[in-house]
Amino acid sequence: MSFFSFIGKNLFRHWSRLLFTMLGIAFGITGSIIMLGLSEGIHGTFKHSYANRHIDAVVFERDQFNILSSRIDQNLVAKISAFPEVQTASGVLFDVVKYHKTHLPFYGWPENSPLFKEIKTSGRLPRADHNEVIVGDTFARINNKKIGDTLELYRRAFVIVGIFETNVPLEKSALIISLAKMQELKNENRNKILGINITVKDEIKDPRRLQEFLEKLEQAFPEITAQAADIFAEEKAQFIVMGEKIAYLMVLVTIVAVALGLANSMVTSILERRKLLGFLLAIGWDKKDILAALFIEILVICFLGGALGLAVGFVSTDYIFSMAAINVFTPHWNDVFILKIVGLILATAVVSFIIPSGIIVNLNPIEVIKNE
Amino acid sequence: MSETGPALIRTEAVSKIFPQTSAHALEDVSLSIAAGEFVVVRGPSGSGKSTLLNILAGLIPATSGTVYFQGVPFSRLRNKARFRRENIGFVFQDFYLYPGFTVAENIVLPLANRLFAPRRALRKAQDLLAYLGMEKKIRQNVNTLSSGERQRVCIARAMLSDPPLILADEPTGCLDTANTDRILTLLQDINKNKGAAILMVTHDDHVAARAQRQIVIVDGKIHYS
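For the structure given in this document, a descriptive report is provided here. Here the structure is a predicted model, which means the values were calculated and not measured.

**Thoughts on the overall build of chain B**
When you go through chain B residue by residue, the secondary structure sums to seven helices and ten strands. For chain B, buried positions account for 53% of its 225 residues. As presented, chain B carries roughly 10,000 Å² of accessible surface, and 47% of it is formed by carbon and sulfur atoms. Side-chain charges in chain B split into 27 positive and 20 negative, and the spacing between the mean points of these groups amounts to 9 Å.

Listed below in structure tokens is the structure:
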């Protein structure tokens, strides 16, 4: 019998206790993933929506916090494009439309917009003089739509002429029509747009140089506010950031509760085996051998429970996102997120190891030799 | 003292005072046990028998005096756990068998703190069980064994590393007469044929009579040796 088979034997001695302890950890990790997944997913969706599109700055009407109420002249697009610092500038209109039970982002892009180059469209692009729309692949999949189908928007039938793939989460369930058509739908003045997305040349991307350029724009056009895209996104996501902090706090409380539950289970297990462990010390085991066995037992329980929690957590969070009223947010799974969860599992193991390890450190082998 | 050969383990003026009581649990105890000797320690409850056993095993230090094992003072032993693993076999009244483990797993327990189980340990366990007449029970759960069989497994476990010294604390305390006789015969056989010295604590005169020599302790002092 090796060290690991000794540990395995101990672990599975009370399989029902092992199972319930594991389930407790799995529920804790599932809860943590849902809380972190939702908050980071929503925050990440906002945060990366501009960076993924290579947009460096956003221009909108001065002193407007809500971007939907911003209105600026469409002529500004050409004027801003003329600045030597600018790579591309694209005017946009944006709205949120109700489709069945969900709400979807709805964009109006000029037919020659460089933004179209950033998405991979199967089919073709929408034309200004036709009721045509292209839809995000997530929208098409969820609603079982294909090219040639129709959608009712603003009480008009629009033909789906393309389905696009995008790396911007906000656009995965979006609908895009031509800017002119959207101005017509919303009864907007032909010259009015909501904002301008700017991509600057490489040499201007440094934050200090970008800021200088944006100040130059604001001086040239007093009716606008020009903001770095990351700052703009973060400002709009203030409430989300607050929610994210609350989620972190709840995860911390959950993990401490799970760790204490596991510690309680391990203390019970150690106290049950106290005399046997003392006997092992008497026959030549070191305390560090027993501490190592205990820590490995805890790690195995944590990682078995954690793996189950990870799987259930991912599936649950994906499901919750798919049920969201505004179907634009996506879970923000990446290596860092997985590492955070592994870190949580390890933290649970370490916290729950501290209390029972104290019992082992204070274990006196002569307790088992004297006849009680 | 009347040991029969060179000392395997020896104490020189060993005393033990527990801080909780301030009384002498052992006082000026000098004794010697030769290799291959079978010695019984007798005495009333609280006389210091178990304390003596603990000190000889290196589980607790003496307050004063010195213990020598094969001529080496305990103070020079760097790793007492390793010393016990390699030189001392323990047999207790309460068995201390791991419930749910098989007979073989319990026998190799002293070496189960190694990452890879030595193959020779399992072979040795098989040999020991054959010697004890329990070879058919090697894969049996210890929970299913009788008291006599459990104590034989404990003896096999104590002999795993062929220790020169076996310390037995009331090994027959919870056995019936037939099993007591069987265990004592086994210990005598091990002493005679395997050459291990045995130091056994007992209350029982009949058990004590099976040893080559008796040490009687009263109030922490050797009364008779």
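Once you've had a look at it, read on.
**Considering the interface of chain A and chain B**
Across the boundary between the two partners, chain A contributes 26 residues, which contact 30 residues of chain B. Summing both partners gives a buried area of about 2,700 Å² for chain A against chain B, and 64% of it is carried by carbon and sulfur. Counting every contact that joins chain A to chain B gives one salt bridge. In this structure, Glu 105 of chain B engages Lys 9 of chain A in a salt bridge whose closest nitrogen and oxygen atoms are separated by 3.1 Å. Our count for the contact surface shared by chain A and chain B stands at eight residue pairs in polar contact (both at pLDDT 80 or more). Among the secondary structure elements, those contributing two or more residues to the side of chain A that touches chain B are helix H1 (3-11), helix H9 (274-282) and helix H12 (366-369) of chain A. For the side of chain A that touches chain B, the class distribution of residues is 16 nonpolar, four polar and six charged.

**Some details on the pattern of salt bridges**
Summed over the entire model, instances satisfying the criterion amount to 22 salt bridges over all chains. Among the salt bridges present, the one from Glu 212 of chain A reaches Arg 208 of chain A, with a minimum N-O distance of 3.0 Å. On the criterion of helical spacing, the pair formed by Glu 212 of chain A and Arg 208 of chain A is a turn pair, its members being four residues apart in helix H6 (residues 207-220). Using a relative accessible area of 42% as the deciding quantity, one classes Glu 212 of chain A as partly exposed. Residue Arg 10 of chain B pairs with Glu 12 of chain B through a salt bridge whose shortest N-O separation is 2.7 Å. Overall, Arg 10 of chain B belongs to the partly exposed group, its relative accessible area being 29%. Three or more residues joined by partner-sharing salt bridges are found here, namely Arg 124, Arg 127 and Glu 132 of chain A.

**Points about the packing of aromatic side chains**
A full pass over the atoms with the stated rule returns 22 aromatic pairs over all chains. A ring pair is formed by Phe 314 of chain A and Phe 337 of chain A, whose centres lie 6.3 Å apart and whose planes are at 40°; its orientation type is tilted. Taken as a pair, Phe 314 of chain A in helix H10 (residues 287-323) and Phe 337 of chain A in helix H11 (residues 335-361) lie far apart in primary sequence, 23 residues in all. By the burial criterion, Phe 314 of chain A is buried, and Phe 337 of chain A matches it. Consider the rings of Phe 90 of chain B and Phe 92 of chain B, whose centres lie 5.7 Å apart with planes at 10°: the pair is stacked. By the burial criterion, Phe 90 of chain B is buried, and Phe 92 of chain B matches it. Three or more aromatic residues joined by ring pairs form one cluster here, namely Phe 3, Phe 4, Phe 6 and Trp 285 of chain A together with Tyr 98 and Phe 101 of chain B. Sitting over the ring of Phe 101 of chain B, Lys 9 of chain A keeps its end group 5.6 Å from the ring centre. The ring centre of Tyr 68 of chain B lies 4.4 Å from the NZ or CZ of Arg 10 of chain B, which sits over that ring.

**Points about the environment of Ala 156 of chain B**
All names here are of chain B. Among the secondary structure elements, Ala 156 is positioned in helix H5 (residues 147-158). Among the residues examined, Ala 156 registers a relative accessible area of 0% and is labelled buried. Distance in space between the C-alpha atoms of Ala 156 and Thr 66 is 30 Å, their sequence separation being 90 residues. Not counting residues up to four positions away in its chain, the partners in contact with Ala 156 are Ile 107, Leu 128 and Leu 132.

Criteria and thresholds
- Residues numbered from 1 in each chain as written.
- Chains lettered and ligands numbered in written order.
- Predicted model: local features only at pLDDT ≥ 70, side-chain atom pairs only at ≥ 80, totals over all residues.
- Heavy atoms only, no water.
- Helix = DSSP H or I, 4+ residues; strand = E, 2+ residues; numbered from the N terminus.
- Buried < 20%, exposed > 50% of the residue type's maximum accessible area, 1.4 Å probe, protein only.
- Areas by Shrake-Rupley, 256 points an atom, 1.4 Å probe, with all protein chains shown as cover.
- Lys, Arg positive; Asp, Glu negative; His and termini not counted.
- Charge placed at Lys NZ, Arg CZ, Asp CG, Glu CD.
- Contact = heavy atoms within 4.5 Å.
- Buried area = accessible area lost by both parts, 1.4 Å probe.
- Salt bridge = Lys/Arg side-chain N within 4 Å of Asp/Glu carboxyl O.
- Polar contact = N/O pair within 3.5 Å; in protein donor to acceptor, adjacent residues only side chain to side chain.
- Nonpolar A, V, L, I, M, F, W, Y, C, P; charged D, E, K, R; others polar.
- Phe/Tyr/Trp six-rings, centres within 6.5 Å; stacked < 30°, edge-to-face > 60°.
- Lys NZ or Arg CZ within 6 Å of the ring centre and 35° of its normal.

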